[in-house]
Structure formats: C-alpha cells, structure tokens
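So you can see what is in the structure, the chains are spelled out below.
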Amino acid sequence: MGDAAERAGRLRGLIAHHNVAYHGLDSPEISDAEFDQLVAELKALEAAHPDLAVTPPAVGAPPSTAFSEVRHNVAMMSLDNAFTPAELVAWGERLDRLASGASALTLVCELKIDGVAVSLRYEDGRLVRAATRGNGLVGEDVTSNVSTVAAIPQALTPVEGVVPSLLEVRGELYMRRSAFAQLNAERVAAGLPIFANPRNSAAGSLRQKDPAVTASRELHYWAYHLAEVEGLPGLTSHLQTLEYLRRAGLPVNGEIVGVGGLEEATNFCKRWEERRHDLDYEIDGVVIKVDDLAVRSQLGATSHHPRWAIAYKFAPEERNTVLTDIMVSIGKSGKATPFAVLEPVVVSGSTVRLASLHNEAQVRLKDLRPGDTVVVHKAGEVIPEVVGPVLALRPPGLAPWCFPTSCPSCAAPLTRGCGEADTFCTNLECPAQRVQRIAHFASRGAMDIEGLGESRVALLTSLGLLGDVGDIYTLPASRETLPTLDGWGPVSVDNLLRAIEASKAAPLDRLLVGLSIRHLGGSGATVLARAFGSLEALMAASEAELSMLEGIGPKIAASVAGFFGLERNREVIAKLRASGVDPMSPMSPATPVVAQTLTGCSVVVTGTLEGWSREAAEAEIVARGGRSPGSVSARTTAVIAGEGPGAAKLAAAERYGVPVLDEEGFARLLETGEIRGPR
C-alpha cells in the first residue's frame, strides 16, 4: 500500500507538470500517448486501491500572466478517453446503467481536431470575448488575437430573423497541414528554426503579444459545442445546435454524423483512423456524444468530464525516445544523408530504430544532438521522422552535432556546391555508392530485377561478383557459385537469373532511370526516350539539343550530357549492350501512337480511380505528352480526384484555382485535351 501511495503521488505530480508544459507553455516534454499512459496507470492504481483516489486535477494549465484572466461561467471540461473498441463498449454499458434506454439513443460522431480549445462569447450577436481553456475554470483572454482569424465571424448571422442575447460556443483553433508546411518553408528560407507540428504552431500563434503575428499564421476554427445560450428556445439535440451554429455563420466540421449506436460509432472510428491523412488538418481521434440534450442533463458529469461524451483516441503517431547517434549514409549519386539512430520505439504499430534527417541544414534548424530526447513521428504512417528535440529534457553540456568532412565509406572528402543544400562524396569508386547504384538499377522503378535487393547486392559486391551494373548480366556465369552463399538456394537463384534475363528487354526510359543520372527522374527519362528513340542517339546528343526538349531544363541537360561524356559510363553501357540489354523506346512501332492532347499540360492524380490504377493514369497522361507530378502548383492544368483524394492537394487546387475533375472528366481530358465539368 505504501508503494502504491508513493507511486500515485508521483504520477499526480508528473501529470500536473506535463499539463502545464502542454497547455500552458506549448512545449510538451512527452508525447500524447505517453501522457495518456500516465493517466491510465493512475486510474488503475486508484481502482485497485480506492483509498488512494482523490479528485483528479482539471486538464489544462493556469492562465499565463501575459494575458488577462477569464473565468468561465461553464467549465471547459476534458473528456474521458477510450483506446480500444472494448472500452467504447464499456462506456456504452455505463450509459445504459445511468439512463434507461441509452443503448437506443442517437449518438454523434465528430473528428477530434488536434488544436487549441477556444471559447467564443457573443452578446447580442457581437463577439465580445475569446478565451483559452486555461485550467478549465480560468482561462486567458485572447480576444484581440482571435479577432484576426478570418474563419471566426465578428457578428453572428441572424437565423430566421433572431439573434440570441447571449451565445457562448466552444471549438478548436487549428492550423491546416498545408499552411503549416508553407510556414515552415518560409522559416527555412529565412534561416529560422522550424516548428514541430501544426498543434504547437497554432497554440504559439494564438498566444502572440502582437495580433498581427497571429493574423499572419492562417489559423482556422471548428465550432463543436454550445456552452451557454439565452434568447434561443427550441434546441433539443446536439445536431440541431450544430446546424444552428452553421447557419449563424460559425464554421462546423462537415464530417460530423449521427449514428444509431456503438457499432456504427466504432465503424466510424475505424474508417477515420485509416483515412486520417486524407485531411488537410490533424486529427487524433473521434469524439462520440449523446445527441439528446435532455438525456445529457440526466447523465451529468463527474468532477473531471461529462458522462455523455467520450474521446476514442487513435494509435499514437508520435512518441518520445532518445537519439543515440547521428550517422551519414551515402546514396547512389554520392549524396551524403544524415540519419538518426534511435532507441527503439513503437510508433503507429511498428518499431522505429532509424529515421532520415534529410540534410545538414535540417539537423541544424532542428538543433538535434546525440543524447537528446526527441519526438518521433510517422509521416503518413509510413516514413519515420524526427520532429525535433525536447529541449526541457536536454542534458547539460550536450555538444552540437557537426557534419563529417570525409565519406564514412571511402574517406574521400565530402563537398557541397555553392547554393546547394546537399553534400556529396565525389569518388565514383566509393563502395557505398557502388552498392546503391546497382541496387537502384535492379529496383522496381528501374529494371525490375526481383531478388536483387540491397543486401544481396552488398554481398555480391563484397565477393567481387559485382563491380557495376553491367556485371549483373554476368551473374548467370556464376550459377554454380550462387547457391553456396548464405541465404541462397537453387530456386531463388533460378528466379533471379530469370528476372535478369527478362530485364534485358526493359524500355529505354526504365534503363535511363536505372543508370542513376543525377537530376533525371521518370518523367524526364520518358521525354528523352521518346525524343531520341534509341540509347545510341541519346548518347550522341549535345547538351544544347537536350535542353531544347520540353520538360528537360538546363540542369538535367547538363547532367545527362556530362554522364554520357564520361568514358567510365560509356564502358558500362557497352558492357550492357554486349550482354544483350536492348532497350526499346516507349514510342517504338509496338507501342500504339496516341494523340498528343496533353502536350505541355501538368495533370495531378489523387485518390483511387475505378478505371485506372494510379500508375496507369499517370502513364496515360505522359503518353499524351503531359506531365504528372506529385504536387499541385499554380502551373497545374488539372487535378484528377478519385475516391479518398488527398485533402492537401484539393486545398492547393482551390488556392490556385486549378480545375478538379472526376473520372468522366479525366476520360474526356485524355481524349480531347478539354477541361469540362470541374467538381
């Protein structure tokens, strides 16, 4: 019992400390998931030892002295959390016990926006006060700053000619992902440290002493709860209140739905956990509420949270861990890329040990140092990323990290060109470059030689069987040796040799991609293959001839001409041709010629199309003379949106006035080059 009491006291102290760091200082020291674990541990201790239970502290922090205090007439309470469908069921069972027939109630599902809670008070239809949560009872007066947010009306729109004498609405102030990315891009250009995430950026922007800074940060707001109202009778459900708020001019999220029970609510949660990255704003869960306002009054609240609502939290995408080292890898073109070596941590369901740090400038801007506690994020639930250090936890005297001056693989000098962000090893014989070049040549996006991944390439290179990409086609001569190697067998060897043989007929653009020509990507390779038709004609082309092609800029032209001008590269190509590699132009007689309806056009594809795979749709665009980049810009001709399109791309299309077409519009565009029927 003594140990339990000591631990409970320790947990309460930690929870209070991290509440202040998150809500008061906008500088969290632990991830949301780790904070939730502390709260869950305390609840479990109190359940096992009821004598230890005390009134839980309110979520939030004391108001900052930089702003005037505001006492909330109605407390801004936090929500109880659920992390599994079973915990949702347990919440539903509690509703049944407290309100007869609760299982038949309509529930409302709302996306849980990862932003800053803000209360807006309107008197006779005019905005008179905006306040933060603070400690739930007393918040900060941020009226001047909130008044600069374009999404928040200064005056309510009369509904059926009526404006309430008093209306206080709660909601979430947030920053869109696209605005956050733009803000960080501007800070990088200015040589300033970048922000960690949209939530902290929104919170920091809200608490600026100068409202002009807040105005420059492109903040938005979703209203989700009516706290107080006078002079507006007749509202009986939550959905009715949201519809009223929408008609009164307040922004209400369009993904809010009413559902018939917990099963539908659980399905809503699962669906949005899978689609959370389709939105242009961050969400970390779903809030489920009882719709009937009378039943809400019957259910009431604890000292901590309302009984009629619960937050279903998604699996964490951010965790804290220790950065044990920063090392440098060498890529196929010699690019030296720093990467983080981390104490293993589970993020979004998988263990993360390594994460790319992109380049020296990114490490410097984030001020990452080996020994730091860092925030690790899974971008798009796929790519591990180090968001930044937790400065409050930095050990004293920790030295800044310095980029190495020599290649870790061959010890040659590392150089960085004037005005370039990247650093390179210029030794073409660098062992690390050699492995990466050969592995890239065999990759799916190039010659597609299945079974020849990086680890096998490294093994074969170390044994002297591979020195360059031309040596891949001499591997059949080692048929008897390969099965004796660790991890190889007769079947895997036969499969590899068949894949090598099949790759000899790969099209010219795929071969060009595989050759690792700096600055040349898939679209540029296709342009070159179509323009010259054969490898020999391309190798004979001058830099001036190359730069005249649409889609081939001076940098690519110089790089391609320089690549084929090196005797070492010409020897490798001769080796490939002697081995039977016979690349065909994509516009060879075997390929149907289609009308060039999209010449000079840039068409972006997003979402899932019924009639085409993403790759097929992009191939159709390129076949008609167009380009299909991965992002939307002011030069984009059209965006093709299928099922579940990327919200950031749609937002960019709206911002730049780019037409958005459905599949029917896409088919017409391919056929005629005409844009009709934007969505």
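Refer to the structure above for everything that follows.
Here goes a summary of the coordinates provided. Going along each chain's sequence as written, the residues are numbered from 1 onward. Side-chain atom pairs in this predicted model are given and counted only at pLDDT of 80 or more, local residue features only at pLDDT of at least 70, and totals for whole chains, interfaces and linings cover all residues. Just so you know, side-chain values use all the structure's heavy atoms and leave hydrogens and water out.

1. Some words on the sheet that holds strand S10 (residues 283–290)
In a beta sheet, neighbouring strands are held together by backbone hydrogen bonds and run either parallel or antiparallel to one another.
Point 1. Taken together, the five strands give an open sheet; going across it, the order is S2-S11-S10-S3-S9, and neighbouring strands pair in mixed fashion. Each edge of the open sheet is held by one strand with a lone partner, namely strand S2 (80–82) and strand S9 (257–259). Going across the sheet, the axis of each strand differs from the next one's by a mean of 35 degrees, ignoring polarity.
Point 2. Paired strands are those between which DSSP finds at least two bridges. By definition, any uninterrupted DSSP run of H or I lasting at least four residues is a helix, any uninterrupted run of E lasting at least two residues is a strand, and each is numbered from the N terminus. By the bridge criterion, seven bridges tie strand S3 (residues 107–113) to S10 in an arrangement that is antiparallel. Of the residues in S10, the one forming a bridge with Lys112 is Gly285.
Point 3. Contacts between residues were defined by any pair of non-hydrogen atoms, one from each residue, lying within 4.5 Å. Axis lines are fitted through C-alpha atoms, for helices just across the contact stretch, and the angle between N-to-C directions can take any value from 0 to 180 degrees. Sheet contacts for helix H3 (residues 85–98): S2, S3, S10 and strand S11 (309–313); angle to S11, the most-contacted strand, approximately 175 degrees.
Point 4. Against the sheet, helix H8 (residues 238–247) engages S3, S9 and S10, with an angle of about 50 degrees to S3.

2. Quick word on the nonpolar core
Point 1. Membership of the largest hydrophobic core comes to 50 residues, with the highest contact counts inside it found for Ile449, Leu512, Leu515 and Phe564.
Point 2. Secondary structure elements with two or more residues in this core: helix H12 (431–441), helix H13 (454–462), helix H14 (490–503), helix H15 (508–514), helix H16 (522–532), helix H17 (535–540), helix H19 (554–565) and helix H20 (567–578).
Point 3. Contact partners of Leu512, with chain neighbours within four places excluded, come to Ile517, Leu520, Ala525, Leu528, Ala529, Leu535, Leu538 and Phe564.
Point 4. Ranked by size, the runner-up nonpolar core spans 36 residues in total, among them Val149, Leu206, Leu242 and Ala248. The definition of a nonpolar core used throughout is a set of buried Ala, Val, Leu, Ile, Met, Phe, Trp, Tyr and Cys residues joined through side-chain atoms within 4.5 Å. Each residue gets one of three labels from its accessible area relative to the maximum for its type: buried under 20%, exposed over 50%, partly exposed in between, using a 1.4 Å probe on protein chains only.

3. Some remarks on the sheet that holds strand S19 (residues 603–606)
Point 1. Strand order in the open sheet made by the three strands is S19-S20-S21, with parallel pairing throughout. The two strands at the open ends of the sheet, each matched to only one other strand, are S19 and strand S21 (660–661).
Point 2. As paired strands, strand S20 (residues 638–641) and S21 are joined by two bridges and run parallel to one another. Across the sheet, the residue bridging to Val639 is Val660, located in S21.
Point 3. Along the sheet, helix H22 (residues 647–656) makes contact with S19, S20 and S21, crossing S19 at roughly 145 degrees.

4. Overview of the packing of H3 against helix H9 (residues 262–275)
Point 1. Packing of H3 against H9 brings their axes to within 11 Å, and their N-to-C directions diverge by 150 degrees. Crossing of H3 against H9: the hand is right-handed. Facing Pro85, Leu88, Val89, Trp91 and Gly92 of H3, the residues of H9 in contact are Leu262, Thr266 and Cys269.
Point 2. Tallied by class, the residues present in the contact of H3 with H9 amount to six nonpolar, two polar and no charged. Throughout, a crossing is termed right-handed when the near helix is turned clockwise from the far one, and left-handed when it is turned anticlockwise from it by less than a right angle. Note that Gly is not counted as nonpolar here; it falls among the polar residues with everything else outside the nonpolar set of Ala, Val, Leu, Ile, Met, Phe, Trp, Tyr, Cys and Pro and the charged set of Asp, Glu, Lys and Arg.

5. Things to note about the environment of Ile552
Point 1. Topologically, Ile552 is positioned in the loop between helix H18 (543–547) and H19.
Point 2. Put simply, Ile552 and Leu650 are 98 residues apart on the chain and 28 Å apart in space, counted from C-alpha to C-alpha.

6. A closer look at unusual backbone geometry
Point 1. Despite not being glycine, Asp367 shows a phi value in the positive range, around 55 degrees.
Point 2. Following the sequence through the fold, Asp367 ends up in the loop between helix H11 (360–366) and strand S15 (373–379).
Point 3. With phi around 70 degrees, Ala411 is a residue other than glycine that occupies positive phi space.
Point 4. With respect to the secondary-structure elements, Ala411 resides in the loop between strand S16 (383–389) and strand S17 (414–415).
Point 5. Relative accessible area serves as the criterion here: at 55%, Ala411 is assigned to the exposed category.

7. What about the pairing of strand S5 (residues 126–132)?
Point 1. Counting buried residues in S5 gives five out of seven residues, a clear majority hidden from the surface.
Point 2. Pairing between strand S4 (residues 116–123) and S5: six bridges, direction antiparallel. The partner of Tyr122 across the bridge, within S5, is Leu127.
Point 3. Here S4 hands over to S5 after two residues, with Asp124 in that stretch at a positive phi of 50 degrees.

8. Things to note about the packing of aromatic side chains
Point 1. Pairing of aromatic rings covers Phe, Tyr and Trp, the last counted by its six-membered ring, and requires centre-to-centre distances within 6.5 Å; plane angles under 30 degrees mean stacked, over 60 mean edge-to-face, and any other angle means tilted. The full count for this structure, using the stated rule, is five aromatic pairs.
Point 2. Both rings, one in Tyr174 and one in Trp222, keep their centres 5.8 Å apart while their planes meet at 10 degrees; by these two values the pair is stacked. Placement of the pair is Tyr174 in strand S7 (residues 166–175) and Trp222 in strand S8 (residues 219–230), with a sequence separation of 48 residues. For the pair formed by Tyr174 and Trp222, the shared burial category is buried.
Point 3. Here the aromatic rings of Trp401 and Phe403 are separated by 5.6 Å at their centres, their planes lie at 75 degrees, and the arrangement is edge-to-face.

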